[in-house]
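So you can see what is in the structure, the chains are spelled out below.
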Amino acid sequence: MSDFFDVVLSRRSIKFVQAPGPTDEQLDLILSAALRAPDHGAVKPWRFVLVRGADVPALVDVGVQAGIAAGEPLPQPKVDNARKWLSKVPLVIALGCRPDPTGRIPEHESLLAVSAAVMNMLNAAHALGFGAFWSTGVGTYLDGVGEALGFDPLDERFMGYLAIGTPIDTPEPIERPDWRDHVSEWRVPA
Ligand SMILES: Cc1cc2nc3c(=O)[nH]c(=O)nc-3n(C[C@H](O)[C@H](O)[C@H](O)COP(=O)(O)O)c2cc1C
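Because the structure is predicted, anything quoted here is derived from the model rather than measured. (Residues numbered from 1 in each chain as written. Predicted model: local features only at pLDDT ≥ 70, side-chain atom pairs only at ≥ 80, totals over all residues. Heavy atoms only, no water.)

**A closer look at the overall build of the protein chain**
How we decide: Segments assigned H or I by DSSP are reported as helices when at least four residues long, segments assigned E as strands when at least two residues long, and all are numbered from the N terminus. Only the C-alpha atoms count toward the radius of gyration. The rule for a globule is 2.2 Å times the residue count to the power 0.38.
Broken down by element type, the protein chain carries six helices and five strands. Beginning at the N terminus, the succession of helices and strands in the protein chain can be written as α-β-α-β-α-α-β-α-β-α-β. Against the compact-globule benchmark of 16 Å for 190 residues, the protein chain has a radius of gyration of 18 Å, which places it among compact chains. Projected onto its principal axes, the C-alpha positions of the protein chain cover 60 × 45 × 35 Å.

Have a look at this one:
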């Protein structure tokens, strides 16, 4: 069990990564961990699209085009930062959710099931020695971006990008919130 706590308690998001990314075997572990997430009603809402290597930087162009089409061009500094970031990233997992088509399970519960899967991927990537970073930059909420990446615009929700690769710099530990500031107790009223 200590391995588990070593991994979870030392994880931090790492944005700037480079090749090599996960091997097929390591990616199999990361995605298998994702699909251990809880899922009310067995909706199986997880939709992930892999973008690898030379295709990764083109994600910026997708966001830029969508911004222009929507009449909300992405600010140039944001575009420049995204290009700098994604130019070295070896793997992006585009994150999607297909909520329960019957509506029996509320949509937000499927979004939570995907979020739980992403958390497992962040931890799995860290356990394997990779850095990973969840971002909704690069136009995630612009019309057309999710669709351009292969998500159904009617039935699926695009939830951003999970970048994974080898950390460029050695990550420093960071101070974390104290759980005592976030936890209270409830008792049966006297
Ligand atoms: C849904 C979601 C979207 C995020 N989008 C961004 C983003 O666009 N840009 C950013 O700098 N951080 C973003 N973050 C925050 C980082 O992924 C990361 O959590 C944060 O830098 C804190 O690092 P930590 O995970 O080590 O605490 C997002 C986090 C979540 C959960």
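**Some points on the packing of helix 2 (residues 24-34) against helix 5 (residues 107-127)**
The test is simple: Only the stretch in contact is used when fitting a helix axis, every axis being a line fitted to C-alpha atoms; angles between N-to-C directions are given from 0 to 180 degrees. For a crossing to be left-handed, the near helix must be turned anticlockwise from the far one by less than a right angle; the clockwise case is right-handed. Should any heavy atoms of two residues lie within 4.5 Å, those residues are considered in contact. Three classes are used: nonpolar for Ala, Val, Leu, Ile, Met, Phe, Trp, Tyr, Cys and Pro, charged for Asp, Glu, Lys and Arg, and polar for all others, with Gly counted as polar.
For the pair helix 2 and helix 5, the least separation of the axes is 7 Å and the interaxial angle reads 145 degrees. Two packed elements cross with a definite hand, and for helix 2 against helix 5 that hand is right-handed. The residues of helix 5 that touch helix 2, namely those facing Ile30, Leu31, Ala33 and Ala34, are Ala117, Asn120, Met121, Ala124 and Ala125. Across the contact of helix 2 with helix 5, the residue classes tally to eight nonpolar, one polar and no charged.

**Notes on the pairing of strand 5 (residues 157-167)**
Going by this rule: Each residue is assigned to one of three classes by its accessible area relative to the maximum for its type, calculated with a 1.4 Å probe on protein chains only: buried under 20%, partly exposed between the two thresholds, exposed over 50%. A pair of strands counts as paired when DSSP detects no fewer than two bridges linking them.
Counting buried positions over the eleven residues of strand 5 gives nine, a clear majority of the element. Two strands pair when backbone bridges link them, and strand 1 (residues 17-18) and strand 5 are joined in this way by two bridges, in the antiparallel orientation. Across the sheet, Val17 pairs through a bridge with Pro167, a residue of strand 5. With six bridges connecting them, strand 3 (residues 91-97) and strand 5 associate as antiparallel partners. Residue Cys97 lies in a different strand from strand 5, and its bridge partner there is Arg157. Here five bridges tie strand 4 (residues 131-135) to strand 5, and the two strands are oriented antiparallel to one another. From the neighbouring strand, Ser135 faces strand 5, where its bridge partner is Tyr161.

**Digging into a nonpolar patch on the surface**
Note the following rule: Patch building starts from residues that exceed 30% relative accessible area and form no salt bridge, then joins like charges within 9 Å and nonpolar side chains (Val, Leu, Ile, Met, Phe, Trp, Tyr) within 5 Å. For the accessible areas, the method is Shrake-Rupley and the probe is 1.4 Å, while residue cover comes only from the protein chains on display. The salt bridge criterion pairs a side-chain nitrogen of Lys or Arg with a carboxyl oxygen of Asp or Glu, the two atoms within 4 Å.
Side chains of Phe4, Phe5, Val8 and Leu9 sit close together on the surface and give an oily, nonpolar patch of about 410 Å² of accessible area. Within the fold, Phe5 resides in helix 1 (residues 2-10). Note on Phe5: relative accessible area 44%, which makes it partly exposed.

**Some details on the nonpolar core**
The line we're drawing: Side-chain atoms within 4.5 Å are what join buried Ala, Val, Leu, Ile, Met, Phe, Trp, Tyr and Cys residues into a set we call a nonpolar core.
Counting 24 residues, the largest nonpolar core has Leu59, Leu86, Val89, Val92, Leu149 and Tyr161 as the members making the most contacts within it. Sequence-distant contacts of Val89, that is, excluding residues within four places in its chain, are made with Val17, Gly53, Val56, Ala163 and Ile164. By size, the runner-up hydrophobic cluster in this structure holds 23 residues, among which are Ala34, Trp46, Ala124 and Ile164.

**Here's the deal with the packing of helix 3 (residues 58-69) against helix 4 (residues 76-86)**
Applied cut-off: Geometric relationships in this document are graded by angle, where less than 35 degrees denotes roughly parallel, more than 145 denotes roughly antiparallel, 65 to 115 denotes roughly perpendicular, and other angles denote oblique.
Closest axis-to-axis distance for the helix 3/helix 4 pair is 9 Å, and the angle between their directions is 160 degrees. In terms of their interaxial angle, helix 3 and helix 4 are classed as roughly antiparallel. Classified by chirality, the crossing of helix 4 by helix 3 is right-handed. Note on element contacts: helix 4 touches helix 3 through Val79, Ala82, Arg83 and Leu86, opposite Leu59, Val60, Asp61 and Val64. Classifying every residue of the contact of helix 3 with helix 4 gives six nonpolar, no polar and two charged.

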